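# Structural description and commentary
Residues per chain are reported as follows:
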Amino acid sequence: MTQHLTHLGFRFFRPTTALQPLVQCYWHIRCHVGQSALADEFLHPEGGSGVVFNFADPLIFNGQPYLSPCLLIGPAQRTGTLTLSGQVDAIGVRFYPGAAHAFFQLPLAELHGCLLPVTDLPLEASWQQVWEAGTAAERVQQIELWLLRQLDVQLQAKNPLLAVLPSLPDSGQFSTAELARRMALGERQVERLFRQWVGLTPKQLARIRRVQHARELLKIPQTDLTGTAYHAGYFDQAHFIHDFKQVVGLTPGQYRQRLKQRDRLE
């Protein structure tokens, strides 16, 4: 979901200073969508994970309704969908890659591609406070207090990827071998650390970021598909199309056409 959803009551909130290295943002969406006007929104992978607090009708992720008031969303390799239906009122937390492990003390590989109801965490008292908050900003404040209580500061300080992840290029131009040299570790050790802290291998994260970079380039009208592939680091058009479709579920051409259709509707 992106900022083009403001017409659906979609807003961003910045995290407090103490959480800025770990939390990318909070998002809030509130609207009413009639049953005859179901709206699917893409959830593009960015390498991170998240938590969603739901205050209204069940949310429908990838075609499946979820009744839980709180969902833990693991890292994904492929674009998912959120279907907006009925009364929608939800707040989400986006963690940076490698950040959620310090909150939930779970190897992120166990959450790969998963949406899990948060039932085994000390949530009930905090959830009541979140529920009773009157505005979205007040709810975000209560969620932040809950996150600060959940955060294992000592575990995060021991994060072996702490100095590496923030410096990875958004273009996805990095390799496992390069990271192994920087960290003075073997490639298999680096992959194990990434699976634990990020839930993805370096190669998987690199592909996600490269496709994410390509999606941003496709939003520039004057950029053709060949130029997009080149600037995204692909020297083979077939490889570009294959990677893009594997992640997004559409070819680059189909994705650009979807952007044009959305622009006409808004």
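Preceding this paragraph is the structure being described.
Figured I'd write up the structure that's included with this text. (Residues numbered from 1 in each chain as written. Predicted model: local features only at pLDDT ≥ 70, side-chain atom pairs only at ≥ 80, totals over all residues. Heavy atoms only, no water.)

### Here's the deal with the pairing of strand β4 (residues 49-54)
To keep things clear, this is the line we draw: Per-residue accessibility, obtained with a 1.4 Å probe over protein chains only, is compared with the maximum for each type, and a residue is labelled buried under 20%, exposed over 50%, and partly exposed between these values. Here a strand is any run of E in DSSP of at least two residues, a helix any run of H or I of at least four, and the numbering for each starts at the N terminus. Each pair of strands is called paired provided DSSP finds at least two bridges between the two strands.
In terms of burial, β4 is largely enclosed, as six of its six residues are buried. Residues Ser49, Val51 and Phe53 line one face of β4 and the alternating positions Gly50, Val52 and Asn54 line the opposite face, and both faces are buried. Bridge count for β4 against strand β9 (residues 86-95) is six bridges, and the pairing is antiparallel. Counted as the bridge partner of Val51 is Val93 from β9.

### Some points on helix α7 (residues 202-218)
Here is the rule: Multiply 1.5 Å by the residue count of a helix minus one, and that product is the helix's expected span.
Helix length check: α7, at 17 residues, gives a terminal C-alpha distance of 24 Å against a target of 24 Å (1.5 Å per residue), a fit within 8%. Along α7, the residues classified as buried are Pro202, Leu205, Ala206, Ile208, Arg209, Arg210, Val211, Ala214, Arg215, Leu217 and Leu218.

### Examining the packing of helix α5 (residues 176-183) against helix α6 (residues 187-197)
The line we're drawing: Angles here are taken between N-to-C directions and fall from 0 to 180 degrees, while the axes themselves are lines fitted to C-alpha atoms, restricted in helices to the stretch in contact. Here roughly perpendicular refers to angles of 65 to 115 degrees, roughly parallel to angles under 35, roughly antiparallel to angles over 145, and oblique to all remaining angles. The contact definition used throughout considers only heavy atoms, calling two residues in contact when any of these lie within 4.5 Å. Charged residues are taken to be Asp, Glu, Lys and Arg, nonpolar residues to be Ala, Val, Leu, Ile, Met, Phe, Trp, Tyr, Cys and Pro, and polar residues to be all remaining types, Gly included.
For the pair α5 and α6, the least separation of the axes is 9 Å and the interaxial angle reads 95°. What the angle tells us is that α5 and α6 run roughly perpendicular. Contacts between α5 and α6 involve Thr176, Ala177, Leu179, Ala180 and Met183 from the first element and Glu187, Val190, Glu191, Leu193 and Phe194 from the second. For the contact of α5 with α6, the class distribution of residues is seven nonpolar, one polar and two charged.

### Quick look at the sheet that holds strand β2 (residues 23-33)
Spatial ordering of the open sheet is given by β1-β2-β9-β4-β7-β10, a layout of six strands whose pairing is antiparallel. Either end of the sheet is taken by a strand with one partner, and the two such strands are β1 (11-13) and β10 (115-117). Strand-to-strand, the axes of this sheet are offset by a mean angle of 20°, without reference to chain direction. For β2 and β9, the ladder comprises ten bridges, and the chain directions are antiparallel. If you follow Tyr26 over to β9, its bridge partner there is Val93. Helix α3 (residues 136-150) contacts β1, β2, β4 and β9 of the sheet and is inclined by roughly 40° relative to β9.

### Observations concerning unusual backbone geometry
Even without glycine at this site, Gln105 takes up a positive phi of about 50°. Positionally, Gln105 belongs in the loop between α1 (101-104) and β10. A relative accessible area of 40% places Gln105 in the partly exposed class. Although it is not a glycine, Ala184 adopts a positive phi angle of roughly 55°. In this structure, Ala184 sits in the loop between α5 and α6. Exposure remark for Ala184: the relative accessible area of 68% places this residue in the exposed category.

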